[in-house]
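One letter stands for each residue in the lines below.
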Amino acid sequence: MTASIIDGKAFAARLRAQVTEQVARLASGPGLIPGLAVVLVGEDPASEVYVRSKGRQTVEVGMRSFEHKLAAEVPEAELLALIDRLNADDAVHGILVQLPLPKHINAEKVINRIDPGKDVDGFHILNVGLLGTGQKAMVPCTPLGCLMMLRDHLGDLSGLEAVVVGRSNIVGKPMAQLLLGESCTVTIAHSRTRDLPAVCRRADILIAAVGRPEMITGDFVKPGATVIDVGINRITRDGGTRLVGDVEFASAAGVAGAITPVPGGVGPMTIACLLANTLTAACRGNGLPEPEGLTA
Ligand code: GUN
């Protein structure tokens with residue numbers, strides 16, 4: 001069997017087009033322009049690339065982008081004061097603090113200072129609790145993007161066996177909550193799981209979010225399964241560097257029914273979902289009906 005490819009790049013482009021249309025409608029109707037503030041502390045090159053890309057795409061869909069770059073040594077109190085100002089700013093509907101933060105800053109404290117209604121990452125403890133109890137929340141962008149692709153590809157997910165490999169707060173745990181919300185039978189596997197290949201082979205839906213290059217090979221995959229690869233790993237091989245996922249693509253694609261590539265799978269969906277979340281936050285924050293199909 002050769003798997004069909006789930007094209008995240010094309011899906012993300014469609015989602016951005018939907019967001020663009022809704023943003024134009026808000027601007028011409030209630031006169032509301034959604035705004036996203038991104039806060040970057042320090043000079044991590046990978047984070048700078050992400051933040052630039054977020055800013056560009058925010059403007060492309062017709063929203064306002066506010067970038068705040070702070071020195072790596074910024075005192076925690078100063079970062080908290082910036083968040084207070086952004087919370088109080090009516091032009092800002094979404095706030096994202098790029099992670100990781102420098103060690104002298106308590107990331108949990110910073111995240112929980114964000115107004116939960118503006119928490120477009122869905123990392124605030126209130127949103128985590130809302131998602132965990134099946135209530136309306138801001139949903140973390142990467143798992144939301146995975147869910148959208150799964151629904152698009154498989155339709156109703158009810159009753160399917162889902163295995164999520166990875167238990168991070170950013171991907172693994174919220175992904176499991178979302179799949180539970182879709183009535184999947186969910187297993188969260190991780191580095192201590194015994195006989196990981198056998199556990200993974202139970203999965204109709206296999207989500208790889210471990211951060212280890214090409215760890216999930218074809219022998220982890222049940223024939224016909226849908227494989228979502230969240231990993232983005234830069235590796236050096238044959239004298240050059242390239243991006244690979246957590247899944248060994250060639251062997252997994254020989255067994256799976258459908259698979260996301262890296263690059264061009266989950267990655268583009270994450271920023272598209274951030275834009276969707278910003279639009280959702282702007283609508284909720286202003287008591288306007290939220291567009292359909294943009295959240296969980
Ligand atoms: N760093 C890596 N992934 C993310 C993410 O989804 N949100 C934020 N804020 N920082 C990140």
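Let me sum up the structure you'll find in this document. Computed from a prediction, not measured in an experiment: that's the story for all the values here. (Residues numbered from 1 in each chain as written. Predicted model: local features only at pLDDT ≥ 70, side-chain atom pairs only at ≥ 80, totals over all residues. Heavy atoms only, no water.)

**Overview of the site of the ligand**
Put simply, the rule is: Here, proximity means that at least one heavy atom of the residue falls within 4 Å of the molecule or strand. Polar contacts, as counted here, are pairs of nitrogen or oxygen atoms within 3.5 Å of one another; within protein the pair requires one atom able to donate a hydrogen and one able to accept it, and residues that are adjacent in sequence qualify only if both atoms are side-chain atoms. Methods summary: accessible areas were calculated by the Shrake-Rupley approach with a probe of 1.4 Å, and residue burial reflects only the protein chains presented. Think of it as three bins: nonpolar holds Ala, Val, Leu, Ile, Met, Phe, Trp, Tyr, Cys and Pro, charged holds Asp, Glu, Lys and Arg, and polar takes everything else, Gly as well.
The environment of the ligand is formed by Leu-96, Val-97, Gln-98, Leu-99, Asp-121 and Phe-123. Gln-98 has a polar side-chain atom sitting 3.3 Å from a nitrogen atom of the ligand. Residue Asp-121 places a side-chain N or O atom 2.5 Å away from a nitrogen atom belonging to the ligand. When the ligand is considered free in solution it has 280 Å² of accessible area, and contact with the protein chains removes 76% of it. A breakdown of the residues in the shell around the ligand according to their chemical character gives 4 nonpolar, 1 polar and 1 charged.

**Focus on the pairing of strand β9 (residues 233–237)**
Filter applied, for reference: For two strands to be treated as a pair, DSSP must find at least two bridges joining them. Note on conventions: DSSP H or I runs of at least 4 residues are helices, E runs of at least 2 residues are strands, and numbering of each starts at the N terminus.
Of the strand pairs in this sheet, β9 and strand β10 (residues 240–244) are connected by 5 bridges, and their pairing is antiparallel. Counted as the bridge partner of Thr-236 is Thr-241 from β10. The hairpin formed by β9 and β10 contains 2 residues between the paired strands, and Asp-238 there has a positive phi angle of roughly 55°.

**Focus on the sheet that holds strand β3 (residues 64–70)**
The line we're drawing: For helices, the fitted line uses only the C-alpha atoms of the stretch in contact; every axis is such a line through C-alpha atoms, and the angle between N-to-C directions lies from 0 to 180 degrees.
Here 3 strands make up an open sheet; going across it, the order is β3-β2-β4 and the pairing parallel. This sheet does not close on itself; its edge strands, each paired only once, are β3 and β4 (94–97). Averaged over all pairs of adjacent strands, the angle between strand axes in this sheet comes to 15°, irrespective of strand direction. Of the strand pairs in this sheet, strand β2 (residues 35–41) and β4 are connected by 4 bridges, and their pairing is parallel. When the sheet's bridge partners are listed, Val-38 is paired in β4 with Leu-96.

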